[in-house]
Amino acid sequence: MPIVFEDVDYVYDPETPWQTTALRDVSLRIEDGEFVGIVGPTGSGKSTLVQHLNGILKPTCGRVRVDDIEVGADRGRMKELRQKVGLVFQYPEHQLFEETVRDDIAFGPKNIGLSEDEVQRRVRWACRAVDLDEQILDRSPFELSGGQMRRAAIAGVLAMKCRVLVMDEPTAGLDPRGRANMLDQMRRLHSGGMTIIMVSHGIDDIAQIADRVIVMNEGSIGMQGTTREIFRRYEDLQALSLQVPRTAQIMRRLREAGIPVPVDVLTINEAADALAEVLRGKNCGAEEHNHRSVHSR
Amino acid sequence: MLKSITIGQYIPGESIIHRLDPRTKILGTLGYVVILFVLRGPAGYAVMAGITAAVALLGRIPVRMLLRGLRPVLIIILFTIVLNMVMTPGETVYQLGPLDVTDEGIVQAATMSIRVILLIMTTSMLTLTTAPIDLTDGIEYLLGPFRRLGVPAHELAMMMTIALRFIPTLVDELERIMKAQMARGADFDTGSFLDRAKSMIPLLVPLFISAFRRADDLALAMEARCYRGGEGRTRYKVLKVSTPDFWAGAFLVCTFGAALWV
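Predicted model only: the values in this text are computed from it and were never measured. (Residues numbered from 1 in each chain as written. Chains lettered and ligands numbered in written order. Predicted model: local features only at pLDDT ≥ 70, side-chain atom pairs only at ≥ 80, totals over all residues.)

Caption draft 1: Region of interest: the overall build of chain A. Across its full length, chain A holds 11 helices and 10 strands. Since a compact globule built from 297 residues should have a radius of gyration of about 19 Å, the 21 Å found for chain A is in line with a globular shape. Along the first, second and third principal axes, the C-alpha set of chain A runs to 70 × 50 × 35 Å. Here chain A, with 297 residues, has 43% of them falling under the buried criterion. In chain A, once contacts between residues fewer than 6 apart in sequence are set aside, the share between residues at least 24 apart is 61%. (Helix = DSSP H or I, 4+ residues; strand = E, 2+ residues; numbered from the N terminus. Rg over C-alpha atoms; globule rule 2.2 N^0.38 Å. Buried ≥ 20, exposed ≤ 12 C-beta atoms within 10 Å, placed from the backbone. Contact = placed C-beta atoms within 7 Å.)

This is the structure:
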């Protein structure tokens, strides 16, 4: 069942000199099994928005529903909600605290009162899901490398076996390989049937992986649509000081230079295909190019 | 939840109180506290309350902020009232089981609670109207003469500046960690005392780790900019006493005198 926001407002520190409205009139709907990317400038309300999804924040006005649970109203069902929606905060490795990685991953499952057997089963499953070697389970989380720490922390959320996974800047501060691995893991979880919502500044990451994009601007939804639709709107994005994916920028330049390439490519593979098409067209002379070929090289 | 701590909080403003030299404000507050505790008789307290009201008005401090500062000490105030009422020997006006509420006790309870309330309100006004940096600059200057006695004035001021600077950062950090652990089903509000104490571990361990990391980074950043203590350091912002400070000083001396007199 879907996630629905109806006219949601959120105000931080109401009735103090620091009062700030972080969300204004936000309405949206996320269906089961979608992969949604949320982008927007700093301070546009992205993080505030996703914290409503598992009841960490409650709407000041309006309604948020996840399945049949109304966030804020159904107080007794908060635990149930947190099992449905897993939330991975920015720099999740800063939340690690236990003596061993195993105990840290087990923290969530233990909190929801599972049997020891089930807890251990989940720990191993979560560990595999984030590509961690089971051998590190008995080491201290503070001995791990930065990338491993992040994966251990994400495993701690996954072990809740949530159906919806929300990730706030999961690739921030990772090296290129770490980033690629992270995106692969998310893709795998998504193809396993999980709904994934990813907040990111990394337009290129979102372009590669999301089905649909929500653009936040000053607490409201600026645009939403399929990834291709959104990243075609170069001028609109630029007005919000956002950019189109780097591949699309290159294609745009090529087009300005008079080379007939499509500008709405999202990934490097698509760009390569489109370029190959153009080059082949030149060689054979007549062939019409078709920019919808979305296959790998 | 953690935002209700008003002591140490600063509300930026442009009022005359905000613009006073921090040293004037610190000495004024110190004087106020001393007078408050040597005072006898209700008329004096009325004068002191008048001073507090005048400063709050001139500083355009919202009443709500002042009242909010009292919330954490409410229990102490209630305790003071009850203890003073039943523990002071004197003429019994009301019998409460084995305890006697005395005439003198009621007077004592009233003066003590008014003292505490005025004390909290006025000292929190100092921080509400003075930027933390100005405050520590003022303290460093005022502690200067004691350096000969071995008081590390600059180091103390620097430590205070850093501590004050990091309070909001650590509060934010704590809130973030709290949210992250809540997302993993942690529960901080229910259970026995022992359960609740235990539920602090997932908050405190990450908080300490991040505090140490920040301290390391800060030390490195300071060393990279050649920080080596206060010796020979010049100031970007030089404290200056101006006309309003004289007026404020004169006003305080007069009113303090009046409070002691009446």
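Caption draft 2: Fine view of the overall build of chain B. In terms of regular secondary structure, chain B is built from 11 helices and two strands. In chain B, the succession of α and β elements from N to C terminus is α-α-α-α-α-β-β-α-α-α-α-α-α. Here the C-alpha coordinates of chain B stretch approximately 65 × 60 × 40 Å along the principal axes. Counting across all 262 residues of chain B, residues that qualify as buried make up 21%. Long-range contacts, defined as pairs at least 24 residues apart, comprise 74% of the intrachain contacts of chain B with a sequence gap of at least 6.

Caption draft 3: A look at the interface of chain A and chain B. Counting residues at the interface gives 21 residues for chain A, matched by 17 residues for chain B. Elements with a minimum of two residues in the side of chain A that touches chain B: helix 2 (78-84), helix 3 (101-111) and helix 5 (146-158) of chain A. No other element matches the three residues that helix 3 of chain A contributes to the side of chain A that touches chain B. Taken together, the residues of the side of chain A that touches chain B sort by class into 11 nonpolar, seven polar and three charged. (Nonpolar A, V, L, I, M, F, W, Y, C, P; charged D, E, K, R; others polar.)

Caption draft 4: View of the sheet that holds strand 7 (residues 164-168) of chain A. All names here are of chain A. Across the sheet, six strands lie side by side as 6-7-8-3-9-10; this open sheet has mixed pairing. Looking along the sheet, the strands with just one partner apiece sit at the ends: strand 6 (85-88) and strand 10 (220-226). Neighbour-to-neighbour, the strand axes of the sheet open up by a mean angle of 15°, direction not taken into account. With five bridges joining them, strand 7 and strand 8 (residues 195-199) adopt parallel strand pairing. Across the sheet, residue D168 finds its bridge partner in strand 8, namely V199. Against the sheet, helix 6 (residues 176-191) contacts strand 3 (35-39), strand 7 and strand 8, and its axis sits at roughly 150° relative to strand 8. (Pairing = 2+ DSSP bridges. Axes fitted to C-alpha atoms, helices over the stretch in contact; angles between N-to-C directions.)

Caption draft 5: Up close: the pairing of strand 3 of chain A. Residue and element names in this part refer to chain A. Counting buried residues along strand 3, five of its five residues qualify, which places the element largely inside the surrounding structure. Going residue by residue along strand 3, you find F35, G37 and V39 tucked away on one face and V36 and I38 tucked away on the opposite face as well. Note that strand 3 and strand 8 share four bridges and pair parallel. Paired with F35 across the strands is I196, a residue of strand 8. Bridge count for strand 3 against strand 9 (residues 212-217) is four bridges, and the pairing is parallel. For G37, the partnering residue across the bridge sits in strand 9 and is V213.

Caption draft 6: Quick look at the nonpolar core. By size, the foremost hydrophobic cluster in this structure holds 86 residues, and its most contacted members are I38, L87, I105, A155, V166 and I197 of chain A. Tallying contributions element by element places helix 5 of chain A first for this core, with seven residues. If near-sequence neighbours (up to four positions away) are discounted, A155 of chain A is found in contact with I105, A126, C127, A129, V130 and L132 of chain A. Core analysis: the second largest hydrophobic core is formed by 19 residues, I17, M48, I120 and L126 of chain B among them. (Core = buried A, V, L, I, M, F, W, Y, C linked by C-beta atoms within 7 Å.)

Caption draft 7: Local environment of helix 3 of chain A. Most of helix 3 of chain A sits inside the fold, with nine of its 11 residues counted as buried. Every buried residue of helix 3 of chain A is listed here: V101, R102, D104, I105, A106, F107, G108, P109 and N111 of chain A. Against the buried residues of helix 3 of chain A lie helix 4 (116-129) and helix 5 of chain A together with helix 10 (201-224) of chain B. Two residues or fewer past helix 3 of chain A, G113 of chain A is found with a positive phi of approximately 75°.

Caption draft 8: Fine view of helix 10 of chain B. Compared with an ideal rise of 1.5 Å per residue, which puts 24 residues at 34 Å, helix 10 of chain B spans 34 Å between its outermost C-alpha atoms and is within 8% of the ideal. Those residues of helix 10 of chain B not exposed but buried are P202, L203 and P206 of chain B. Buried residues along helix 10 of chain B sit against helix 3 of chain A together with helix 8 (153-183) of chain B. Count one or two residues on from helix 10 of chain B and you reach C226 of chain B, which has phi positive near 65°. (Expected span 1.5 Å × (residues − 1).)

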